[in-house]
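# Results of the structural survey
For reference, the chains in residue letters:
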Amino acid sequence: MDFSETADRISRKFQKSGQTIDPKKIEGKLRRLIEEFGVQPSEAERSVTNDLAKEFNIPQMGSGGGGGKSGGATEPKKIADMSPEEWVTLEGKVVALSTPASPAIAQSGIIADDSGGIRFVAWAKSNAPAMTVDSWYHIESAVVDEFKGVASLKIHSGTTVKECVTDGALVPSTVPVVNLHPGVGSVRAKVIQEWDTTHERMLQSGILGDETGTIKFVIWKEAGKEKLVVGSVYNIFYAMVDEYNGKLSLNLNTATIMQDDGDILVSGGNVAVRGALVHIAPGSGIIKRCPVEGCNRALSRQNYCPVHEIQPKFIYDLRIKGWLDDGEKTHNILLQRDVVESLTGITLDAAKEIAENNPLGMDEVFLQMREKVLGRYVTCHGREIDNRLLVNTCERLTFESGEHAALLNRAGGAS
Amino acid sequence: MSTNAREIGRKDGSFEREPARRVFASELRECRYDFKEGTDEKSPTFVLLPTGERCNRVFIVGTLTEKQRQGDQNIFYRGRVVDPTGTFFIMAGSYQPEAMQQLAKIEAPAFVAVIGKPGLYRKDEASTPMVSVRVESINVVDKDTRDLWVLDTAARTLDRIDIFKTSTEPDVIKAKEVYPSIDPAVFRRAAYDALAQIKM
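Residues numbered from 1 in each chain as written. Chains lettered and ligands numbered in written order. Predicted model: local features only at pLDDT ≥ 70, side-chain atom pairs only at ≥ 80, totals over all residues. Heavy atoms only, no water.

### Things to note about the overall build of chain A
Within chain A, the secondary structure is distributed over seven helices and 20 strands. The principal-axis extents of the C-alpha atoms in chain A amount to approximately 80 × 60 × 45 Å. Burial status across chain A gives 46% buried among its 415 residues. Across chain A, the fraction of contacts at a sequence separation of at least 24, relative to all contacts at a separation of at least 6, is 57%. On chain A, roughly 21,100 Å² of surface is accessible, and the fraction owed to carbon and sulfur atoms is 48%. Distance between charge centroids for chain A: 4 Å, based on 46 positive and 55 negative side chains. (Helix = DSSP H or I, 4+ residues; strand = E, 2+ residues; numbered from the N terminus. Buried < 20%, exposed > 50% of the residue type's maximum accessible area, 1.4 Å probe, protein only. Contact = heavy atoms within 4.5 Å. Areas by Shrake-Rupley, 256 points an atom, 1.4 Å probe, with all protein chains shown as cover. Lys, Arg positive; Asp, Glu negative; His and termini not counted. Charge placed at Lys NZ, Arg CZ, Asp CG, Glu CD.)

### What about the overall build of chain B?
Within chain B one finds six helices and nine strands. Rg of the C-alpha trace for chain B: 18 Å, near the compact-globule value of 16 Å for 200 residues, within the 12% margin. The dimensions of chain B, computed from C-alpha atoms along their principal axes, are 60 × 45 × 40 Å. Burial analysis of chain B (200 residues in total) assigns 48% to the buried set. For chain B, restricting intrachain contacts to residue pairs at least 6 apart in sequence, the fraction spanning at least 24 positions comes to 64%. Of the roughly 10,500 Å² of accessible surface on chain B, a fraction of 49% belongs to carbon and sulfur atoms. Looking at chain B, you have 31 positive and 30 negative side-chain charges, and the mean spots of the two groups are 1 Å apart. (Rg over C-alpha atoms; globule rule 2.2 N^0.38 Å.)

### Some remarks on the state of the cysteines
All names here are of chain A. Per the counting criterion, the structure on display carries zero disulfides over all chains. The cysteine Cys290 is free of any disulfide, with Cys295 supplying the nearest cysteine sulfur at 3.6 Å. The exposure class assigned to Cys290 is buried, which follows from its relative accessible area of 1%. (Disulfide = S-S within 2.5 Å.)

### Description of the confidence of the model for chain B
Residue and element names in this part refer to chain B. Across chain B, the average pLDDT comes to 88, with 92% of residues at or above 70. Predicted confidence in chain B is weakest over helix H1 (residues 2–13), with a mean pLDDT of 37, and strongest over strand E1 (residues 20–21), with 97. Throughout residues 1–13 the model reports pLDDT below 50, and contacts reaching past four residues in sequence, or to other chains, amount to two contacts. (pLDDT = per-residue confidence, 0-100.)

### Digging into the pattern of salt bridges
A complete count under the given rule lists 35 salt bridges over all chains for this structure. Here A:Glu328 ties to B:Arg156 by a salt bridge, and the two come within 3.7 Å at their closest N and O atoms. With A:Glu328 in the loop between strand E17 (315–325) and strand E18 (330–335) and B:Arg156 in helix H4 (residues 143–166), this residue pair bridges two chains. By relative accessible area, A:Glu328 is classed as partly exposed at 43%. One salt bridge connects B:Arg21 with B:Glu53, and the closest N-O pair in it is separated by 3.4 Å. In this pair, B:Arg21 sits in strand E1 while B:Glu53 sits in the loop between strand E3 (45–48) and strand E4 (54–55), placing the two residues 32 residues apart along the sequence. (Salt bridge = Lys/Arg side-chain N within 4 Å of Asp/Glu carboxyl O.)

### Concerning the environment of B:Leu195
Its place among the elements puts B:Leu195 in helix H6 (residues 185–197). For B:Leu195, a relative accessible area of 0% puts it in the buried group. Sequence-wise, B:Leu195 and B:Pro84 are 111 residues apart; in three dimensions their C-alpha atoms are separated by 8.4 Å. Those residues in contact with B:Leu195, other than ones at most four positions away along the chain, are A:His404, A:Leu407, A:Leu408, A:Ala411, B:Val150, B:Leu151 and B:Ala154.

### Some points on the sheet that holds E3(B)
Residue and element names in this part refer to chain B. As summarised here, the arrangement of the three strands in space is E2-E3-E4, forming an open sheet in which the pairing is antiparallel. Edge strands, defined here as strands with exactly one partner in the open sheet, are strand E2 (34–36) and E4. Note: E3 against E4, two bridges, orientation antiparallel. Its bridge partner being in E4, Leu48 is matched across the sheet by Arg54. (Pairing = 2+ DSSP bridges.)

### Considerations on the packing of aromatic side chains
Pairs of aromatic rings are described using the distance from one ring centre to the other and the angle between the two planes. Tallying each qualifying case throughout the model produces six aromatic pairs over all chains. Their ring planes at 25° and their centres at 5.5 Å tell us that B:Phe35 and B:Phe46 sit as a pair that is stacked. With B:Phe35 in strand E2 and B:Phe46 in strand E3, this residue pair connects regions lying eleven residues apart in the sequence. Residue classification places B:Phe35 among the buried positions, given a relative accessible area of 18%. Members of the aromatic cluster, joined through ring pairs, are B:Phe24, B:Phe88 and B:Trp149. Here the basic side chain of A:Lys288 rests over the ring of A:Phe314, its NZ or CZ set 4.6 Å away from the ring centre. In this structure, B:Arg54 packs its charged tip against the face of B:Phe46, placed 5.0 Å from the ring centre. (Phe/Tyr/Trp six-rings, centres within 6.5 Å; stacked < 30°, edge-to-face > 60°. Lys NZ or Arg CZ within 6 Å of the ring centre and 35° of its normal.)

### Comments concerning the interface of chain A and chain B
Of the residues lining the interface, 34 residues belong to chain A; the matching set on chain B comes to 40 residues. Summing both partners gives a buried area of about 3,300 Å² for chain A against chain B, and 57% of it is carried by carbon and sulfur. Summed over the three residues of chain A that lose the most area to chain B, namely A:Tyr377, A:Phe399 and A:Arg410, the buried surface amounts to 20% of that side. At the boundary of chain A and chain B, one finds eight salt bridges. (Buried area = accessible area lost by both parts, 1.4 Å probe.)

### Observations regarding helix H4 (residues 337–344) of chain A
Owing to its 3.6 residues per turn, the α-helix brings residues three or four apart onto one side. Residue and element names in this part refer to chain A. Within the span of H4, buried status applies to Val339, Val340, Leu343 and Thr344. Relative to the axis of H4, the buried residues are bounded by an arc of 110° and lie together on one face. Residues of H4 that are exposed and angled more than 90 degrees away from the buried face: Asp338 and Ser342. Here the buried face of H4 lies against strand E13 (270–280), E17, E18, helix H6 (362–373), strand E19 (377–385) and strand E20 (388–396). Backbone geometry just after H4 places Gly345 at a positive phi near 75°. (Arc of directions from axis to C-beta.)

### Describing the nonpolar core
Of all hydrophobic cores here, the largest spans 88 residues; its most connected members are A:Ile286, B:Leu28, B:Phe59, B:Ile90 and B:Trp149. Looking at this core, the element that brings in the most residues is H4(B), giving seven residues. In terms of nonpolar packing, the next biggest core, distinct from the first, is built from 18 residues, A:Leu180, A:Ile219, A:Ile236 and A:Leu252 among them. (Core = buried A, V, L, I, M, F, W, Y, C linked by side-chain atoms within 4.5 Å.)

### Focus: the packing of helix H1 (residues 4–16) of chain A against helix H2 (residues 23–36) of chain A
Helix packing for two helices is described by the angle between their axes and how far apart those axes are. All names here are of chain A. One way to put it is that H1 packs onto H2 with a least axis distance of 8 Å and a crossing angle of 120°. Accordingly, the angle class assigned to the pair H1 and H2 is oblique. Crossing geometry of H1 relative to H2 is assigned as right-handed. Facing H1, whose interface residues are Ser4, Thr6, Ala7, Asp8, Ile10 and Ser11, H2 presents Pro23, Ile26, Glu27 and Leu30. Residues belonging to the contact of H1 with H2 are distributed by class as follows: five nonpolar, three polar and two charged. (Axes fitted to C-alpha atoms, helices over the stretch in contact; angles between N-to-C directions. Parallel < 35°, antiparallel > 145°, perpendicular 65-115°, else oblique. Left-handed = near helix turned anticlockwise from the far one by under 90°. Nonpolar A, V, L, I, M, F, W, Y, C, P; charged D, E, K, R; others polar.)

### Observations concerning the side chain of B:Arg160
Residues and elements named next belong to chain B. By secondary structure assignment, the location of Arg160 is in helix H4. A relative accessible area of 5% means that Arg160 is categorised as buried. When sequence neighbours within four positions are dropped, the list of residues in contact with Arg160 reads Arg22, Val23, Glu27, Leu49, Thr51 and Glu53.

### Some thoughts on the packing of H4(A) against H6(A)
Residue and element names in this part refer to chain A. Running from N to C, H4 and H6 cross one another at 65°; their axes reach a closest spacing of 10 Å. Considering how the two elements wind past one another, H4 and H6 form a crossing that is left-handed. Contact residues: Val340, Leu343 and Thr344 in H4; Met369, Lys372 and Val373 in H6. For the contact of H4 with H6, a count of residues per class yields four nonpolar, one polar and one charged.

Okay, here's the thing in structure tokens:
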């Protein structure tokens, strides 16, 4: 394991306070904690930082020091300028409160100033006054920390919270979807797609997009929450941006949402790829889907749905999963029933017939479809989401004599 | 170490499949240089095309002219696929049962599309390596698909030749170093001849 990056980060932090510490020394400490004692890397980083801060007597560095208010920590700081492991003082407006995840937390939500928003947690033990949405507060000596790449402000027993009067209206600025990063974000985006909910606590999930890209969103059931309308544009202020498996998603429960009359030409969406179908993946052909309303999951061969168990009254469907390759890049593609029918010429009814009367059953449909499409040139139009092209139309390529002539000219031209 | 395993799993989520390059037989058979990226056992291996592009996978369409079953215990099939410029040698063994069965089923001659991994094989240390394509998938196609492939492959080959002249990409520089006697103009000529064989 390589610790040099973390060591450099720590060393830089101390450099700001005028201390030069050999990264090798930091690295040694980190290695010892992580390798010998099995400490989580983030925890090790914090503990080494604290340790060194104590050694060099730099109070605002660590989170265990309490009371240390020297070194400019009382100057209000802009939220956008905060970095993890900092002690900060700020003036901001509480723009959202969310249900605390644990009894140890008195309040959690999002606080914002004109530079941006940050998630906050007020510990029950902090005895901080209860804050209300839309009020401004002067918060002194809170700590910024980072969990899974998301910065969050911790209000603890050493923090003072005072309501203050600020007359400046807070107008949050939205960012392009492609520029969102984990934490808190505001966007102006259009609802492109709504998905079947996969959880009973979920109110709605789907895809939002703007000119720069698309992102998954979710709204959990909560009093006062309403579904978004597909095709409408919304200004979404202070949504929580989460990261899972390297992919971002927006949790809109904290967000202030305002419908917008305008329209957006969503990109990241419509793409056309011309290439050869170089692989037809297992799970293509005729499949069985769970009949429970809103589920629609693909069943196993034994008609087992991962959520609703055995479903003998399954619904048949067609799909093709595979790879479309243009020689430079390979696109993961998914074709739905109507596209499969027009590309293969095998209708759902015909496929059912084959599946039920052929000794190979559903495999026979897979083999027949593969024979018809593997190695063929096609143009697929669709939407690219999460590295997968959801295909709306897929046509066989035809030989263009104009293209042929142009290539002959190009190849025959002076080299 | 469990964190490590999880991290590898996560990377699989954003896994990028190596694209299948379009290359005529006359160019692929000139390959003499292969390399591995990374030190992992599963790191991809590439052959370097004389026009300066790395190639882990190919997509070829041509005529299967011959196929042969070989071996007693380890059965494998060899085949020859012909394009307008020359011959590809393909093989499918029991490690690719799916591909082997697909190939076994096809009666030569037939137009076929082959997706596979090119590799260099040497009879012994001293001999010149032979380029052979290990089949991942093979399927019978029509003549239209073959013609489309010739257009596609000609265009890609010309693109590579254009880049080759001016590029300072490491792969291009390496190609100039390992194939000093090959002039890419011969592949332009081959592309022209291939295109000219298609009836207008």
